[in-house]
Amino acid sequence: MRILVIEDDEQVGEAIQKSLKEQYYSVDIATDGEEGVFLAKTNDYDLIILDIMLPIKDGWKVCKEIRDEKITTPILMLTALDSVEDKIQGLDSGADDYLTKPFHIGELLARTRSLVRRHTDEKTSKIVAGEIEIDRSTRIVKRNGKQIELSAKEFALLEYFVMNKNKVLTRQMISEHVWDMNFDPQSNVIDSFVRFLRQKIDKGFEKQYIVTLRGVGYKFEI
């Protein structure tokens, strides 16, 4: 899953990014409202974490512009402003949730998981696809009840596959959701990670979940 953090406080932004990356999310950071709108319009994110007090354009304007572009990505607003009127303005501008600073990082991560689930067909932290079971809160993966050890990027790739099971996923789609904006889509990194993942979840089983579609991409086929 790929998240955009729009936050001008460098320390806060880096702390959020570090915590999200530890949970296997890919993270892009914008430090002003204008850059945030540009990235939100340019890339396909699974969640936007948006501060209100931003230079150039404040969070309310950013949120409204994103929604005016018909972008439905969930938005979690962060702010030190805790009045009811501020919360109403944030929600009315198109935000999905609101978190007041200072906040506990555990609550931020819980709200992140909730908003990402709300934006997909998966409504719980556990995803089951055939013999594969993923617990997104503990980052544990099992096949037929046997735990499989995955790296952070392998987990993120499998999560994206499973959440889009039976759908054709191009390399561009995969790069946009599993890697950040520093990724080079022309490299063979995606193919390498798919190969590593296939070795861990499909090797030795009759049922092969990850299917290669030559010249197109991949499909997690149930």
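Right above here is the structure, for reference.
In what follows, the accompanying structure is described. What you see is a predicted model, and the numbers here were worked out from it, not measured in a lab. (Residues numbered from 1 in each chain as written. Predicted model: local features only at pLDDT ≥ 70, side-chain atom pairs only at ≥ 80, totals over all residues. Heavy atoms only, no water.)

Further remarks concern a negative patch on the surface. Taken together, Asp8, Asp9, Glu10 and Glu14 make up a surface patch of like negative charges. Secondary-structure assignment places Glu14 in helix 1 (residues 10–22). (Patch = residues over 30% accessible without salt bridge, like charges linked within 9 Å, V, L, I, M, F, W, Y side chains within 5 Å. Areas by Shrake-Rupley, 256 points an atom, 1.4 Å probe, with all protein chains shown as cover. Salt bridge = Lys/Arg side-chain N within 4 Å of Asp/Glu carboxyl O. Lys, Arg positive; Asp, Glu negative; His and termini not counted. Charge placed at Lys NZ, Arg CZ, Asp CG, Glu CD. Helix = DSSP H or I, 4+ residues; strand = E, 2+ residues; numbered from the N terminus.)

This part covers helix 2 (residues 33–42). Gly33, Gly36, Val37, Leu39 and Ala40 are the residues of helix 2 that are buried. Projected onto a plane normal to the axis of helix 2, the buried residues spread over an arc of 165 degrees and lie on a single side. Those residues of helix 2 that are buried lie in contact with strand 1 (2–6), strand 2 (26–30), strand 3 (47–51) and helix 3 (59–68). The N-cap residue of helix 2 is Asp32: its side-chain oxygen and the backbone nitrogen of Glu34 are 3.0 Å apart. (Buried < 20%, exposed > 50% of the residue type's maximum accessible area, 1.4 Å probe, protein only. Arc of directions from axis to C-beta. Contact = heavy atoms within 4.5 Å. Polar contact = N/O pair within 3.5 Å; in protein donor to acceptor, adjacent residues only side chain to side chain.)

Attention now goes to the sheet that holds strand 9 (residues 146–148). Read from one edge of the open sheet, 4 strands run 6-7-8-9, paired in antiparallel fashion. This sheet does not close on itself; its edge strands, each paired only once, are strand 6 (126–129) and strand 9. The mean inter-strand angle of the sheet, taken between neighbouring strand axes irrespective of direction, is 25 degrees. When strand 8 (residues 140–143) meets strand 9, the two strands line up antiparallel, connected through 3 bridges. From the neighbouring strand, Lys142 faces strand 9, where its bridge partner is Gln147. Docked against the sheet, helix 6 (residues 152–163) engages strand 6, strand 7 (132–135) and strand 8, running at close to 115 degrees with respect to strand 7. (Pairing = 2+ DSSP bridges. Axes fitted to C-alpha atoms, helices over the stretch in contact; angles between N-to-C directions.)

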